[in-house]
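# Secondary and tertiary structure notes
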Amino acid sequence: MVVLNKIYTRTGDAGDTGLASGARVSKSDPRVEAYGTVDELNAVIGIARLHAGQNDRIDAMLGRIQNELFDLGADLATPLDPPPAWEALRILDGQVERLESEIDWMNESLSALDSFILPGGSPLAAHLHLARTVARRAERDAIRLVEAGESVTPAALRYLNRLSDHLFVAARRANANGADDVKWVPGGTR
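First, a word on scope: everything that follows refers to the structure included in this document. (Residues numbered from 1 in each chain as written. Predicted model: local features only at pLDDT ≥ 70, side-chain atom pairs only at ≥ 80, totals over all residues. Heavy atoms only, no water.)

This part takes up the side chain of Ser 164. If you trace the backbone, Ser 164 turns up in helix α5 (residues 154-174). The class for Ser 164 is buried, based on a relative accessible area of 1%. Those residues in contact with Ser 164 that sit more than four places away from it in its chain are Arg 132, Ala 135 and Arg 136. (Helix = DSSP H or I, 4+ residues; strand = E, 2+ residues; numbered from the N terminus. Buried < 20%, exposed > 50% of the residue type's maximum accessible area, 1.4 Å probe, protein only. Contact = heavy atoms within 4.5 Å.)

Right, dumping it as structure tokens:
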């Protein structure tokens, strides 16, 4: 459990921050960018949950996902190399598989897509679409971290990829099982 007695420490006033390993890096470091975007995603999901209303199952999934995003942040904040001296909190394959199972369950009641979906419909769906785009940015940030020569657990990358799909399908489900989806009409405003 994390205990925070004091919120400000002044240790980052010069523009650096500490990773879980204790290493100090710039606040613009790709690793910090990656887990910072995960933190932003968590906040966006929190706003989406304000609109969950009677969507108890979606709200429960989102609540669990918010907790898992803190796990993901811890995973990204703990470099694989050098290996930490403690058992680091990592995203597990089972968490990815649970997202897949939930996607399959939500998708069962949805009509097949016959167009791209525009963000909108219900307030919950609109916020879930925003969360989906932030999840994609978090995934791109994590991939840039790998491209910069840093290691990231494969399950963390899969989790981010699957999460954006999960949020998309949840948005459709929140739109009366797709009935209230706002569809893209190619060239429709020419």
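A separate point is the packing of helix α1 (residues 30-49) against helix α2 (residues 56-76). Between α1 and α2, whose axes approach to 9 Å, the crossing angle comes to 165°. In terms of axis orientation, α1 runs roughly antiparallel to α2. For the pair α1 and α2, the crossing hand works out as left-handed. On α2, the residues that touch Arg 31, Ala 34, Tyr 35, Val 38, Leu 41, Asn 42, Ile 45, Gly 46 and Arg 49 of α1 are Asp 59, Leu 62, Gly 63, Ile 65, Gln 66, Leu 69, Phe 70, Leu 72, Gly 73 and Leu 76. The residue inventory of the contact of α1 with α2, partitioned by class, reads 11 nonpolar, five polar and three charged. (Axes fitted to C-alpha atoms, helices over the stretch in contact; angles between N-to-C directions. Parallel < 35°, antiparallel > 145°, perpendicular 65-115°, else oblique. Left-handed = near helix turned anticlockwise from the far one by under 90°. Nonpolar A, V, L, I, M, F, W, Y, C, P; charged D, E, K, R; others polar.)

This part covers the environment of Asp 93. Mapped onto the elements of the fold, Asp 93 is located in helix α3 (residues 93-108). For Asp 93 and Ala 156, which are 63 residues apart along the polypeptide, the C-alpha to C-alpha distance reads 8.7 Å. Those residues within four positions of Asp 93 in sequence are excluded, and the remaining contacts are Ala 155 and Arg 158. Within polar-contact distance, the side chain of Asp 93 engages the side chain of Arg 158 at 2.3 Å. (Polar contact = N/O pair within 3.5 Å; in protein donor to acceptor, adjacent residues only side chain to side chain.)

What follows covers the packing of aromatic side chains. Applying the stated criterion across every chain, the model contains one aromatic pair. Arranged with centres 5.6 Å apart and planes meeting at 50°, the rings of Phe 116 and Trp 184 form a pair that is tilted. Highlighted residues: Phe 116 in the loop between α3 and β3 (117-118) and Trp 184 in the segment after β4 (182-183), separated in sequence by 68 residues. When the ring centre of Trp 105 is taken as reference, the NZ or CZ atom of Arg 57 above it lies at 3.6 Å. When the ring centre of Trp 105 is taken as origin, the NZ or CZ atom of Arg 173, which lies over that ring, is 4.1 Å away. (Phe/Tyr/Trp six-rings, centres within 6.5 Å; stacked < 30°, edge-to-face > 60°. Lys NZ or Arg CZ within 6 Å of the ring centre and 35° of its normal.)

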